[in-house]
Amino acid sequence: MLLPTAPNGTSHSRSRRRRIGIVDLVTKNSRRSLYGRIMNANLASIMPQALAVWCEEAGHEVHYVCYTGAEDLLSEIPADVELLFIGSFTEAAQLAYALSNLFRQRGAITVLGGPHARCYPEDAQRYFDYVLGFTDRQVLDEVLEECVPSRPMGRVLAAARQPAELPSLAARWKFVEATLAKSPVIKFVPMIGSLGCPYTCSFCIDSTVDYQPLGFEALSADLAFLLTKMRNPIVGWHDPNFGVRFDDYMNAIEAVVPPGRMRHIAESSLSLLSEPHLQRLRRNGFQAILPGIESWFALGNKSKTRHTGMDKVRQCAEHVNLLLRYVPYVQTNFVLGLDSDEGPEPFELTKKFIDLAPGAFPAYSLLSAFGRAAPMNLDYQRAGRVLPFPFTFLNNNHAMNVKPVNYSWVEFYDRLVDLTSYSFSWRAIRRRLGGTPAPIPRWMNLVRAMSSEGWGRIAYHTTIRGLLDSDPSVRGFMEGEDDRLPAFYEARIQRDLGELYRHLPAGALMHDPNAYLKSEGPAPVVSLQGGRRARAGAAVMAPIPAAPN
């Protein structure tokens, strides 16, 4: 949940010494899958650690917690904290809301940051005293200095742009080390070399954020420091699109890291991964690459192709097989349900890709509109297509909150179940293992397929498909005919939150899916076909200025 920050340095805050809690929610519940038990600690975000550094530099007492699902949050967070910062993705927002409500009752001031704060400030300000967009030292100092309750509506604060620097790895190290201690097998050290993205994918939170590299000298210094702390470490790069300034990155690594001393994992685009670049990545120890293919009929700039359909499948499969000759682990990312998709072809083409590039792990996301995350979301809201699924389900898989234009829900879920079943069948798993010669990547492919990301999603999507036939409340909710939350979804929220469910504030079970549109000024909203428009949590939201890009 990276929130970019301002240049590192001495804080100008003169507030008295405070007892501060900082919580990084990398998961929404304690029911960890096998993959989650292995990997959740490696999903820790950089910004909560940066906040912890800055607050300590300002003279405050800091208690930092990375919640991986194994901790008892109410024991980990001191009951008497004066100021509680929570970083959260949208899927953990209701856990964040419950924690905020509980600690407000105990007298604390609460602050929300992270992707959910950027995407849904209109909703979050109902449950937090401060909601932060881009956060720099000046924004933090304002919170530390003022630190007063803001209720019933919290203050929304944001810096105007991305920063030039983040705190060094050495400054963050004690928080990184404490989090890595929770990872039983594999440990990824979180680092970042750039903010924003040069591509303009209509669904992406970084699509309107200017690409900005951070300092490469500082990057080299962080890598040199890491070599003094760990033997053969693995760096998990948090860049939205790693390697846009490819030579600068490689020069920064090669300046301080001897061959064979460090491993790397990064998300990148096929358009950046030419064979000469792949050769250099292999020399520098890159073990995993996660390129986005996204669609067979759109977004060809990320794949560096003008082809569509089967021609794009062949070209991407050939390119991914080239990647696998140089990088042991490749995950290919797809978005399902885009408006450019229609009929069986997108799903059948993805099966063809799996056959042609069997060594790649396919990761599927359902089209989702996360509040203010992307300009396209305004179009979805104007068309009345955004459904009020509770935040817990907005993780790109447990709900698709944009009603598809070219599929009925029954057809879409039939094809989704068929595709995921094909992707994680024993046949596909065996071929994937055969196409992945290195032992650790083979093991990861097997664990992911048999855990929540493979078989778990087959089971969940199959359940939703069954409910479309057997539960009229689920069908009515997904068709936009009824805004009442079906019992199936409410029960899962109760199960996720456990004892914290009773602390969920009134009205926080649902949200207004059109709050972004309403904040932009009066505009008509088209009713969803078949009945009354979903208008979760019918309270009127106070307009706030649009968050800076």
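Residues numbered from 1 in each chain as written. Predicted model: local features only at pLDDT ≥ 70, side-chain atom pairs only at ≥ 80, totals over all residues. Heavy atoms only, no water.

A. Spatial organisation of the overall build of the protein. Scanning the protein for helices and strands turns up 21 helices and 14 strands. Counting across all 549 residues of the protein, residues that qualify as buried make up 62%. Per element, the accessible surface of the protein, about 20800 Å² overall, is 52% carbon and sulfur. (Helix = DSSP H or I, 4+ residues; strand = E, 2+ residues; numbered from the N terminus. Buried < 20%, exposed > 50% of the residue type's maximum accessible area, 1.4 Å probe, protein only. Areas by Shrake-Rupley, 256 points an atom, 1.4 Å probe, with all protein chains shown as cover.)

B. Up close: the pattern of salt bridges. What the rule picks out here adds up to 31 salt bridges. Asp129 serves as the salt-bridge partner of Arg151, at 2.7 Å between the closest nitrogen and oxygen. Of this pair, Arg151 sits in the loop between helix H7 (137-146) and strand S6 (155-157) while Asp129 sits in the loop between helix H6 (121-124) and strand S5 (130-132); the two residues are 22 residues apart in sequence, bridging distant segments of the chain. For Glu254, the salt bridge is made with Arg280, and the minimal N-O distance between the two is 2.9 Å. With a gap of 26 residues between them, Glu254 in helix H10 (residues 246-254) and Arg280 in helix H11 (residues 275-283) connect regions that are remote in the sequence. Exposure remark for Glu254: the relative accessible area of 35% places this residue in the partly exposed category. Each of Asp414, Arg465, Asp469 and Arg475 takes part in salt bridges that share partners, so that together they form one network. (Salt bridge = Lys/Arg side-chain N within 4 Å of Asp/Glu carboxyl O.)

C. Structural detail: the sheet that holds strand S1 (residues 19-25). Spatially, six strands are ordered S2-S1-S3-S4-S5-S6 in an open sheet, and the strand pairing comes out parallel. At either margin of the open sheet sits one strand with a lone partner, and together these are strand S2 (61-67) and S6. Recorded for the sheet is a direction-independent mean angle of 20 degrees between the axes of neighbouring strands. Strand direction decides the pairing type here: strand S3 (residues 83-88) and strand S4 (residues 109-113), joined by five bridges, are parallel. (Pairing = 2+ DSSP bridges. Axes fitted to C-alpha atoms, helices over the stretch in contact; angles between N-to-C directions.)

D. A look at the sheet that holds strand S12 (residues 286-294). A sheet is described by the order of its strands in space; here six strands give the open sequence S7-S10-S11-S12-S13-S14, paired in parallel fashion. Taken across any chain shown, the strands that pair with only one partner, and hence form the sheet edges, are strand S7 (188-191) and strand S14 (361-366). When the angles between neighbouring strand axes are averaged without regard to direction, this sheet yields 20 degrees. For S12 and strand S13 (residues 329-336), the ladder comprises four bridges, and the chain directions are parallel. Among the inter-strand pairings, Gly292 is bridged to a residue of S13, identified as Asn333.

E. Just the nonpolar core, in detail. Membership of the largest hydrophobic core comes to 136 residues, with the highest contact counts inside it found for Leu25, Trp237, Phe353, Phe412 and Tyr489. The contacts of Phe412, once residues within four sequence positions are left out, are Leu336, Gly337, Phe347, Leu366, Met400 and Tyr407. Within the second largest apolar cluster, 31 residues are counted, among which are Leu51, Ala52, Cys66 and Ala159. (Core = buried A, V, L, I, M, F, W, Y, C linked by side-chain atoms within 4.5 Å. Contact = heavy atoms within 4.5 Å.)

F. Main features of the pairing of S3. For S3, a buried count of six out of six residues is recorded, marking the element as mostly surrounded by other parts of the structure. Of the two faces of S3, the one carrying Leu83, Phe85 and Gly87 and the one carrying Leu84, Ile86 and Ser88 are both buried. Here S1 runs beside S3; their pairing, made up of six bridges, is parallel. Within S3, the residue paired with Val23 across the bridge is Ile86. Taking the sense of rotation as the criterion, the β-α-β connection linking S3, helix H4 (residues 93-105) and S4 turns out right-handed. (Right-handed = clockwise from strand over helix to strand, strands pointing away.)

G. Region of interest: the confidence of the model for the protein. When pLDDT is averaged along the protein, the result is 89, and 90% of the positions lie at 70 or above. Note on residues 522-549: pLDDT is under 50 here. Beyond four places in sequence and across chains, it has 72 contacts. (pLDDT = per-residue confidence, 0-100.)

H. Expanded view of the packing of aromatic side chains. As enumerated under the stated definition, the model contains 28 aromatic pairs in all. Here Trp296 and Phe334 contribute two aromatic rings whose centre-to-centre distance is 5.6 Å and whose plane-to-plane angle is 50 degrees, an arrangement assigned as tilted. One end of the pair, Trp296, is in the loop between S12 and helix H12 (309-326); the other, Phe334, is in strand S13, with 38 residues separating them in the sequence. Like Trp296, the residue Phe334 is buried in the burial classification. Ring pairs connect the aromatic residues Tyr97, Tyr120, Tyr127, Phe128 and Phe391, which therefore count as one cluster. Residue placement shows Lys28 over the ring face of Phe393; its charged tip is 6.0 Å from the ring centre. Here the basic side chain of Arg448 rests over the ring of Phe361, its NZ or CZ set 3.9 Å away from the ring centre. (Phe/Tyr/Trp six-rings, centres within 6.5 Å; stacked < 30°, edge-to-face > 60°. Lys NZ or Arg CZ within 6 Å of the ring centre and 35° of its normal.)

I. Representation of helix H18 (residues 455-470). Counted at 1.5 Å a residue, the expected span for H18 with its 16 residues is 22 Å, and the 22 Å between its end C-alpha atoms agrees. All buried positions along H18 are accounted for by Ile458, Tyr460, His461, Ile464, Arg465, Leu467 and Leu468. (Expected span 1.5 Å × (residues − 1).)

J. Quick peek at the environment of Ala438. Along the chain, Ala438 falls in the loop between helix H16 (426-434) and helix H17 (439-450). Linking Ala438 and Tyr329, residues 109 residues apart in sequence, is a C-alpha distance of 8.3 Å.

K. Inspection of H7 at higher detail. The set of residues buried in H7 consists of Arg137, Val139, Leu140, Asp141, Val143 and Leu144. Structurally, H7 contributes buried residues whose contacts are with S1, helix H2 (46-57), S3, S4, S5 and S6. Among the residues of H7, the N-terminal cap falls to Asp136, whose side-chain oxygen and the backbone nitrogen of Gln138 are separated by 3.2 Å. (Polar contact = N/O pair within 3.5 Å; in protein donor to acceptor, adjacent residues only side chain to side chain.)

L. How the structure looks around the environment of Pro152. Within the secondary structure, Pro152 sits in the loop between H7 and S6. Expressed as a C-alpha distance, the spacing of Pro152 and Phe128, which sit 24 residues apart in the sequence, is 8.9 Å. The residues contacting Pro152, other than those within four sequence positions of it, are Gln125 and Arg126.

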